[in-house]
Amino acid sequence: MAIRKIREMGDPVLEKKCKEVKEITPRTQELIDDMFETLYEAQGVGLAAPQVGILKRIVVIDVTGEDPMLLINPKIMETSGEQTGYEGCLSVPGKSGMVTRPNYVKVLAYDENLQPFELEGTELLARALCHELEHLDGHLYVEKVDGPLVNTADLAESEEA
Ligand code: NI
């Protein structure tokens, strides 16, 4: 396993649409392992493959630090409610912005054996799912920020994805 370099806003790889994963090769498995290691090293809550420069529809999320989730080819099936709060991104280091997201999302995704499963999330997990899935289509949360970006260090609590 290896820690990969996290690409930052302005890198064109973050603005591209990712390709569906059709088979899990040893390289894909290595990418997934590296994404988890990179996520934990950066102390983020989520990481999408384009953030390490790979245009594949793969996301890793862990909102508690003890609950690793892998989502391959994920799609949002259902959303409801609303939450507004500060959001950050490992590709926009040190900054946060106010973003409104659904408070509940249901996602269909595939596991490391390409078997489908459904995942429901509320609050931070719902926010992380929306945020990471947008990375797969070349979008960053800064497009949705209401108000200025602020320094994360000035906030009482914050998360980066
Ligand atoms: Ni992000």
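This text goes with the structure placed above it.
Residues numbered from 1 in each chain as written. Predicted model: local features only at pLDDT ≥ 70, side-chain atom pairs only at ≥ 80, totals over all residues. Heavy atoms only, no water.

Draft legend 1. Looking closely at the sheet that holds strand β7 (residues 116-122). The 5 strands lie next to each other as β1-β2-β3-β6-β7, forming an open sheet whose pairing is antiparallel. For this open sheet the edge positions go to β1 (46-48) and β7, each flanked by a neighbour on one side alone. Going from strand to strand, the sheet's axes swing by 40 degrees on average, the running direction of each strand aside. Inspection of the sheet shows strand β6 (residues 104-110) paired to β7 by 7 bridges, in the antiparallel sense. Bridge pairing links Y110 to P116 in β7. Sheet strands in contact with helix α1 (residues 26-42) are β1, β2 (58-61) and β3 (69-80), and its direction is about 35 degrees off that of β2. Relative to β7, helix α2 (residues 123-135) is tilted by about 125 degrees, and along the sheet it contacts β1, β2, β3, β6 and β7. (Pairing = 2+ DSSP bridges. Helix = DSSP H or I, 4+ residues; strand = E, 2+ residues; numbered from the N terminus. Axes fitted to C-alpha atoms, helices over the stretch in contact; angles between N-to-C directions. Contact = heavy atoms within 4.5 Å.)

Draft legend 2. Quick peek at the nonpolar core. Ranked by size, the top nonpolar core spans 18 residues in total, and within it V59, I61, M69, L71, V105, V107 and L129 carry the most contacts. Residue contacts for L71: discarding those within four places in its chain leaves R57, I58, V59, I61, V107, A109, Y110, F117, L119 and L129. Counting residues in hydrophobic clusters, the runner-up holds 15 residues, among them M35, L47, V52 and I58. (Core = buried A, V, L, I, M, F, W, Y, C linked by side-chain atoms within 4.5 Å. Buried < 20%, exposed > 50% of the residue type's maximum accessible area, 1.4 Å probe, protein only.)

Draft legend 3. Looking closely at α2. A rise of 1.5 Å per residue sets the reference length of α2, with its 13 residues, at 18 Å; its end C-alpha atoms lie 19 Å apart and thus fit the reference within 8%. For α2, the tally of buried residues reaches 11 of 13 residues, placing the bulk of the element in the interior. Listed as buried for α2 are L125, A126, R127, A128, L129, C130, H131, E132, L133, E134 and H135. (Expected span 1.5 Å × (residues − 1).)

Draft legend 4. Spotlight on the pairing of β3. Here 4 bridges tie β2 to β3, and the two strands are oriented antiparallel to one another. Of the residues in β3, the one forming a bridge with V59 is L71. Where β3 meets β6, 6 bridges bridge the pair, whose relative direction is antiparallel. Bridge pairing in β6 places I72 opposite Y110.

Draft legend 5. Up close: the sheet that holds strand β4 (residues 83-88). Pairing in this open sheet of 3 strands is antiparallel, and the strands run β4-β5-β8 from one edge to the other. Each end of this open sheet is capped by a strand with a single partner; those strands are β4 and β8 (150-151). When β4 meets strand β5 (residues 95-101), the two strands line up antiparallel, connected through 6 bridges. Considered in β5, the bridge of T84 is made with T100. Lying on the sheet, α2 is in contact with β4 and β5; it crosses β4 at an angle near 55 degrees.

Draft legend 6. Inspection of the packing of aromatic side chains at higher detail. Per the counting criterion, the structure on display carries 1 aromatic pair. Their ring planes at 20 degrees and their centres at 6.3 Å tell us that F36 and Y40 sit as a pair that is stacked. Remark: Y40 and F36 occur in helix α1; sequence separation between them is 4 residues, near one turn of the helix. Look at F36 and you get buried, because its relative accessible area is 16%. The exposure class of Y40 is partly exposed, given its relative accessible area of 36%. (Phe/Tyr/Trp six-rings, centres within 6.5 Å; stacked < 30°, edge-to-face > 60°.)

Draft legend 7. How the structure looks around the pattern of salt bridges. Under the counting rule described, the total for this entry stands at 11 salt bridges. A salt bridge links R4 to D34; the nearest nitrogen and oxygen atoms lie 2.8 Å apart. With R4 in the segment before α1 and D34 in helix α1, this pair connects stretches of sequence that are 30 residues apart. On the accessibility criterion, R4 (24% relative accessible area) is partly exposed. Here K106 makes a salt bridge to E78, at a shortest N to O gap of 3.5 Å. (Salt bridge = Lys/Arg side-chain N within 4 Å of Asp/Glu carboxyl O.)

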